[in-house]
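Read off the chains here:
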Amino acid sequence: MDDLYREMILDHYKNPHKKGLVSPANIDYEEDNPVCGDHIHLTVQLDENNVVKEVGWDGEGCAISQASASMLYESLIGKSLEEIRAINKDEILEMLGIELGPVRLKCALLSLKVLKAGAYGLTAWPGEDED
Amino acid sequence: MDDLYREMILDHYKNPHKKGLVSPANIDYEEDNPVCGDHIHLTVQLDENNVVKEVGWDGEGCAISQASASMLYESLIGKSLEEIRAINKDEILEMLGIELGPVRLKCALLSLKVLKAGAYGLTAWPGEDED
Amino acid sequence: MHTFDTPLDVEAIREDFPILHQEIYPGVPLVYLDNAATSQKPTSVIEAMDDYYRRYNANVHRGVYKMSEDATEAYENGRKKIATLINAASTREVIFTRGTTESLNLVANTWGRVNLKPGDVVISTEMEHHSNIVPWQILAQQIGFEVLYIPITEDGMLDMEAFRGLLDDRVRLVTVAHVSNVMGTINPVKEIIEAAHNMGALVAIDGAQSVPHMLVDVQALDCDFFAFSSHKMLGPTGVGILYGKRTHLEAMPPFLGGGDMIKRVELTGSQWNDLPWKFEAGTPAIAEAIGLGYAVDYLNQIGIEKIHQHEQALTAYALERLSEVPGVRVLGPADPALKGGVAAMVLEDAHAHDVAAILDRAGVAVRAGHHCAMPLHQHYHIAATARASFYLYNTFDEIDHMIEALYTVKETFAR
Amino acid sequence: MHTFDTPLDVEAIREDFPILHQEIYPGVPLVYLDNAATSQKPTSVIEAMDDYYRRYNANVHRGVYKMSEDATEAYENGRKKIATLINAASTREVIFTRGTTESLNLVANTWGRVNLKPGDVVISTEMEHHSNIVPWQILAQQIGFEVLYIPITEDGMLDMEAFRGLLDDRVRLVTVAHVSNVMGTINPVKEIIEAAHNMGALVAIDGAQSVPHMLVDVQALDCDFFAFSSHKMLGPTGVGILYGKRTHLEAMPPFLGGGDMIKRVELTGSQWNDLPWKFEAGTPAIAEAIGLGYAVDYLNQIGIEKIHQHEQALTAYALERLSEVPGVRVLGPADPALKGGVAAMVLEDAHAHDVAAILDRAGVAVRAGHHCAMPLHQHYHIAATARASFYLYNTFDEIDHMIEALYTVKETFAR
Ligand SMILES: Cc1ncc(COP(=O)(O)O)c(C=O)c1O
Ligand SMILES: Cc1ncc(COP(=O)(O)O)c(C=O)c1O
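A brief report on the enclosed structure follows. On a predicted model such as this, the values are computed, not experimentally measured, just so you know.

### Section: the site of ligand 1
Then, number 1: Neighbouring residues of ligand 1: 14 residues in total, closest C:Thr283, D:Thr101, D:Asp206, D:Ser229 and D:Lys232.
Then, number 2: Neighbouring residues of ligand 1 are distributed over chains C and D.
Then, number 3: D:Thr100 has a polar backbone atom sitting 3.4 Å from an oxygen atom of ligand 1.
Then, number 4: Between D:His231 and ligand 1, the recorded distance is 2.7 Å, taken from a side-chain N or O atom to an oxygen atom.

Written as structure tokens, this is what we have:
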């Protein structure tokens, strides 16, 4: 089988982790990928030290975008707001473990974009130009 | 010398015939060639039978446009309005006796365009598309 | 056994398209099925532009030297070929733009800006490409008229009864795609034009998906505006066409201001140039208009009627083969005679994006997404489709290839 | 004896431009001196577009298959090269348009439409190209602001004192050519930008004649908008650039509506895409942006500083030789250090059109007319000039050729 669709990605796609929004949420942001209509909505609860207590998300889209959201958002629990803000593109790609062209990259990074925009309160975060 | 600038054309350019507007005028029209800023202003006096009694014109521009005006407008005297309206592009080119590319053609035909627009009261006369 | 009935010598045609003869991945030949997005170009078109740049590249209209005259003539020749192709009454009615999108925006920003008032109505459709929705939405917000949409039926046709219900004396313009870029639906534009004209409304047609694939006669249609793109009809990127009836174009204010669209400029005001140049400000897409002219020549040489027949045969075969694949649904009319060569697919188990990615590994290029027709997808409650679209150089074999690859998709997502 | 001092190996450069090696009429080699109208293209640019059409032609942005990804990358690479060339802070500030004309119209129709009110002032100049006059005139008529013009001095410079007199707190925008396309005057844009910013006005620069010929750093200039065209800088027709500061671009409404410029379209309204795509509606000029990227590579490889030096040497020589021809006057600064490689000539006995026509018979391509700068010509009470303009591949010999042909003109009209 094609390495684009590694076992792990298909697993996360078919059985996404942490799916379902949480409320109340300290971070609440959603966005589309205009390329293909992928959609991700993220909610995050922080504790009094700005550490992630719980996450929940909703969305629809391709296997890459949804698996990436499932893996990334699950990994947030226990991280501080600062640590979240520091997560970069390369970490996501490493987590997914696949090579992606520029268009699929947008699918893979939609979850990160939503996270950063939510965490910074911006629609674009510093460094996005480097894509 | 280049056949573009035949003796006759240079003669008409240097000593234009019928230059100077007439008044009152039954036909009075002026127009530019946007390509090079050539300008021609034509005035025509008709008698009671709609036959050209007198013409006068003013203008500035290149040798081709000005010589063409000088030759064409001089030839109008004694023609009927109907005859004027029937003058076509080929007659002008024959009169000039030179081969012209599409851009210089506009210079050569500016005098005709002004004449037709004046005679028809239109800014474009039927058949201009065929250029 | 299927008999492959086509009037075209497809193998000979494929020889004219250098791009088709390549392996996209080692050992994987290209199967290009994204023609609704953009078409490939025959050698004659590529070489015509090459020749322009190597032999007579010069700015047009204002040069008196040989190369500029040659360039001007070639550029205006491109216009003549387009005028003949769509049977415009005059070359003055053919305006070069960047593409369908700019053409439709031009109509909105010139005709629309002076003719639409609060209380007026513009009718578009639910199956439109964004380029025939967004310009009207933007203008409506500035001016305050209303945009209404002809709904679509379950099988992807315009609901003509609903259209007649929308059509009252507030309607100034009906603007509609000739052929849907998602479902391939061939809309009854002649009927729409007649009905609209009877109510005193004008009609603009988005012909991006019709002109490349079928004969269009703007005078027979009696449409007021007609927009299409070069790059979808074997021509280069960077140029498109707006046809408009001369009387409308004469009455409209200009679109962009600058060189070539004026007769005279003074510090206090300006005087516009004659048609069509009044709407062509600045240095135009010269090489592109020339290349487009050669694309028209190529289409005429093959024969647009025959191309249409070939595509209908391909579409019929594709629809039949797709109906055999479990869990695949194709949007739009089921009857291939009612549609252009487009098949937008929804797979039960896999997202369109994943379908296209797996097809790509098999060399099959299809497009995944909303195809700039989000409202249509919203109508069907689908985020995205995987769209295969055909052209004169596609073969029945290539459709078999696609079907095979679809089974790989199903396997992957069934695991 | 003149020593021809140039940092360029012009003979080697000419080998890269196939068009230069031809006879325009039998036995008459081409001398191309119409570079201000459009430049010629090196083989690398022509071949890059050819390669695109033969190998990876596909629509950009929305395709997940290999060819579309390659096309997208190449297209966006063109943008990166432009961003680096002009030192934009981000690729998001680089918008592809059809050319300088569309770029300036874009600013007028978006920034202008929301920021200009009756009573406001836009300052342009008397030496502007029509593309930086007409868009403001059209908008002024719709909105009711005023357009004022910086006058020019007898020797073709902007009257900076008069500019300071015009600059009051009603001024919202100053829009000015970096280099005049008729006189070659290099305007003091940095000084203008500082003065305008001090009064709270923005500044748009028409860089059509500067970017091809000299180093431009938009951040060092601190301009708000900067417009230029591909076809004048060794690139193809059909594409141009608008640079804008990100904060302005973010705040501006979109220009054209359609595909690619939206994030989401619903029947009730739409949401715009991120920069720069918010301003790029529809299929862009893909092959052209790719070709332009190769033009930038070529300019960088030769060195823009060296090109500038070469042109200044050519201009100095041309001005000197022209001063020897009786009855010839050249518009603009007499000092070649103050101007780009342009010489707009007025001949005592002959109309510019006739000059150009006779030069053409000698193979010398110059442009005759008002060069889309009628107000400038009105200022000098001249209907037309014959303009020679130089680029990296021109030689001192070619200037000699032109001078010789000018003597033929004089002879013809002296008879
Ligand atoms: C100074 C200047 N501005 C604007 C333009 C217009 O450029 P384009 O025709 O490529 O839009 C030109 C070239 O004609 C120019 O020289
Ligand atoms: C029906 C339809 N309309 C408009 C367009 C827009 O064309 P372009 O992107 O060439 O402006 C397209 C193609 O994308 C289309 O298919």
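### Looking at helix 5 (residues 102-120) of chain A
Residue and element names in this part refer to chain A.
Then, number 1: At Leu109, helix 5 shows its largest kink, close to 50°.
Then, number 2: A large share of helix 5 lies buried, amounting to 15 of its 19 residues.
Then, number 3: Immediately downstream of helix 5, the backbone of Gly121 shows phi near 70°, a positive value.

### Some remarks on the site of ligand 2
Then, number 1: The immediate surroundings of ligand 2 are formed by 14 residues, with C:Thr101, C:Asp206, C:Gln209, C:Lys232 and D:Thr283 found nearest.
Then, number 2: Ligand 2 sits at a junction of chains, with neighbouring residues supplied by chains C and D.
Then, number 3: Here an oxygen atom of ligand 2 and a side-chain polar atom of C:His129 are 3.1 Å apart.
Then, number 4: The contact in question runs from a nitrogen atom of ligand 2 to an N or O atom on the side chain of C:Asp206, over 2.5 Å.
Then, number 5: Here ligand 2 has 390 Å² of accessible area as a free molecule, and 97% of this is covered by the chains.
Then, number 6: A breakdown of the residues in the shell around ligand 2 according to their chemical character gives one nonpolar, 11 polar and two charged.

### Let's talk about the interface of chain A and chain D
Quoted interface sizes are often the accessible area lost when the parts come together.
Then, number 1: Every contact between the two is made by 14 residues of chain A and, on the other side, 17 residues of chain D.
Then, number 2: Where chain A abuts chain D, roughly 1200 Å² becomes buried across the two surfaces, and 45% of that area is made up of carbon and sulfur atoms.
Then, number 3: Seen at the junction of chain A and chain D, the total is three salt bridges.
Then, number 4: Taking the shortest distance from any N to any O, the salt bridge between D:Asp274 and A:Lys113 comes out at 3.0 Å.
Then, number 5: For the interface between chain A and chain D, the tally reads three residue pairs in polar contact (both at pLDDT 80 or more).
Then, number 6: Of all the secondary structure elements, the ones that give two or more residues to the side of chain A that touches chain D are strand 1 (27-33) and helix 5 of chain A.
Then, number 7: The element that contributes the greatest number of residues to the side of chain A that touches chain D is helix 5 of chain A, accounting for five residues.
Then, number 8: Of the residues assigned to the side of chain A that touches chain D, the class counts are five nonpolar, one polar and eight charged.

The rules behind these values
- Residues numbered from 1 in each chain as written.
- Chains lettered and ligands numbered in written order.
- Predicted model: local features only at pLDDT ≥ 70, side-chain atom pairs only at ≥ 80, totals over all residues.
- Heavy atoms only, no water.
- Near = heavy atom within 4 Å.
- Polar contact = N/O pair within 3.5 Å; in protein donor to acceptor, adjacent residues only side chain to side chain.
- Bend = angle between axes of the 7 residues up to and from the residue.
- Helix = DSSP H or I, 4+ residues; strand = E, 2+ residues; numbered from the N terminus.
- Buried < 20%, exposed > 50% of the residue type's maximum accessible area, 1.4 Å probe, protein only.
- Areas by Shrake-Rupley, 256 points an atom, 1.4 Å probe, with all protein chains shown as cover.
- Nonpolar A, V, L, I, M, F, W, Y, C, P; charged D, E, K, R; others polar.
- Contact = heavy atoms within 4.5 Å.
- Buried area = accessible area lost by both parts, 1.4 Å probe.
- Salt bridge = Lys/Arg side-chain N within 4 Å of Asp/Glu carboxyl O.

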